[in-house]
Amino acid sequence: MKPSEVNPMKYKLLLLDIDGTLRPGSCERVPRENAEAVCAVQKAGVKIAIATGRGRIGVGKGLLRSIRPDYWVCAGGAQLVDYKGADLALHRLTTEEMYALVDFFENYDLPLRFTFHDANHAYIGYEEFARREREKNLALNIVDGEDQDHHLTEMPFGAFGFLPQAMAEKFQEQYGYLGLNFLFSYPGSDGCDILQKGIDKGTGLLELAKLAGLDPADCVAVGDGDNDVAMLKAAGLGIAMGNGSAAAKAAADRTGPDAEPHGIAKLCRELWPEAF
């Protein structure tokens, strides 16, 4: 056990993944119990950050209930946002990176979307994205971008696609020199964040901590998927949910409760009993 774990109130920033962590898979929104517990911890003086693969615009209204984060680590670490919604840092894809992805996904008829400030634009396979969002009880935060022209307004800072692991390896055979990282959420999943070299939730945590004047050791990070591994390693205390992947649990300092029915509320009460 780390010495700092004896006194959780030393931690100044709590970073929370959304899907499978703050929002159990069976729920359309964050459970009320989780929202109220996070708000209590925040009121006690701990800053709250949402760490998600979604762009800030991709977090639908009402999803977090009463939670009003102090910070956001979005698009897998490519977009850092303050409580007012202003960008603190932004890492856009290059033209070469974006066109390589579009060419490859088009050649193999694979769904691909990009994250922009106004929305997630599905350049390929909009209907498949819409179908999957409905199946997972997610609010539809994707627009049909198959005209493939929104990057002429601004370059995207996030990408997400559906493809088998073997196809990701095939992409690397052709475009490995770009250094893009296909980060699948779970083993066996075909959905993955596509990130620039050196960008992930872990580097997002480090960048945010620096901007906020904090030491990474002052941060608690909670997640459940393979795409949370870097964040769990970077935090002073990394906690994987009980329902988390093997990689998340291996990267974490400890394993917490399952997300169902409201594991984050239980975890908050355990770590910060003074807040309740």
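Sequence order as written defines residue numbering, which begins from 1 separately in each chain. Per-residue local features of the predicted model are confined to residues with pLDDT of at least 70, and side-chain atom pairs are confined, for both listing and counting, to 80 or more; whole-chain, interface and lining totals are unaffected and use all residues. To obtain the side-chain values, all non-hydrogen atoms of the structure were included, while hydrogens and water were left out.

What follows covers the packing of aromatic side chains. Two measures describe an aromatic ring pair: the distance that separates the ring centres and the angle between the ring planes. Any two rings among Phe, Tyr and Trp, with Trp reduced to its six-membered ring, count as a pair given centres within 6.5 Å; such a pair is stacked if its planes are under 30 degrees apart, edge-to-face if over 60, and tilted if neither. A full pass over the atoms with the stated rule returns 10 aromatic pairs. With 6.1 Å between their ring centres and 70° between their planes, F104 and F105 make a pair best called edge-to-face. Using a 1.4 Å probe on the protein chains alone, a residue whose accessible area is under 20% of its type maximum counts as buried, one over 50% counts as exposed, and one in between counts as partly exposed. A relative accessible area of 1% means that F104 is categorised as buried. Residue classification places F105 among the buried positions, given a relative accessible area of 0%. For the ring pair F129 and F162, a centre distance of 5.1 Å and an interplane angle of 40° mean the geometry is tilted. Separated by 33 residues along the polypeptide, F129 in helix α3 (residues 126-135) and F162 in strand β9 (residues 158-162) bring together distant segments of the chain. Residue F129 is classed as buried on the basis of its relative accessible area of 2%. Site record: aromatic cluster; members linked through ring pairs are F104, F105, Y108, F171, Y175 and F182. Residue placement shows K10 over the ring face of Y11; its charged tip is 4.9 Å from the ring centre. Both a distance and an angle decide whether a charge sits over a ring: NZ of Lys or CZ of Arg must be within 6 Å of the ring centre and within 35 degrees of the ring normal. Above the face of the F162 ring, R132 is positioned so that its terminal group lies 3.8 Å from the ring centre. Here a helix means four or more residues in a row that DSSP labels H or I, a strand means two or more in a row labelled E, and each is numbered from the N terminus.

The subject of this paragraph is unusual backbone geometry. A cis geometry characterises the amide bond from E260 onward to P261, with omega recorded as -10°. With respect to the helices, strands and loops of the structure, P261 is situated in the loop between β14 (254-255) and α8 (263-271). Despite not being glycine, A75 shows a phi value in the positive range, around 50°. Take A75: it is sitting in the loop between β3 (71-74) and β4 (79-82).

Turning our eyes to something else, we now look at the nonpolar core. Nonpolar side chains tend to gather and get buried jointly when the protein is soluble and globular. Membership of the largest hydrophobic core comes to 33 residues, with the highest contact counts inside it found for L14, L22, L64, V220, V222, I264 and W272. If you list the elements that add at least two residues to this core, you get β1 (13-16), α1 (32-43), β2 (47-51), β3, β12 (219-223), β13 (237-240) and α8. Among the elements that line this core, the one with the most residues is α8, at five residues. Among residues more than four places away in sequence, those in contact with V222 are L14, L15, L16, D17, T21, M231, L232, I239, M241, I264 and L267. With 26 residues, the next largest nonpolar core counts V102, F104, A168 and F171 among its residues. The definition of a nonpolar core used throughout is a set of buried Ala, Val, Leu, Ile, Met, Phe, Trp, Tyr and Cys residues joined through side-chain atoms within 4.5 Å. A contact between two residues is defined here by any heavy atoms of the two lying within 4.5 Å.

Turning our attention to the pattern of salt bridges. Note on definitions: salt bridges are taken to be side-chain nitrogens of Lys or Arg within 4 Å of carboxyl oxygens of Asp or Glu. According to the stated counting rule, one finds 11 salt bridges in the structure shown. R54 is the partner of D19 in a salt bridge, and the nearest nitrogen-oxygen pair spans 2.9 Å. Residue D19 is found in the loop between β1 and α1, and its partner R54 is found in the loop between β2 and β3; the two are separated by 35 residues along the sequence. Residue classification places D19 among the partly exposed positions, given a relative accessible area of 29%. The exposure class of R54 is buried, given its relative accessible area of 11%. Here the residues in one salt-bridge network are E128, R131, R132, E135 and D190, joined through shared partners.

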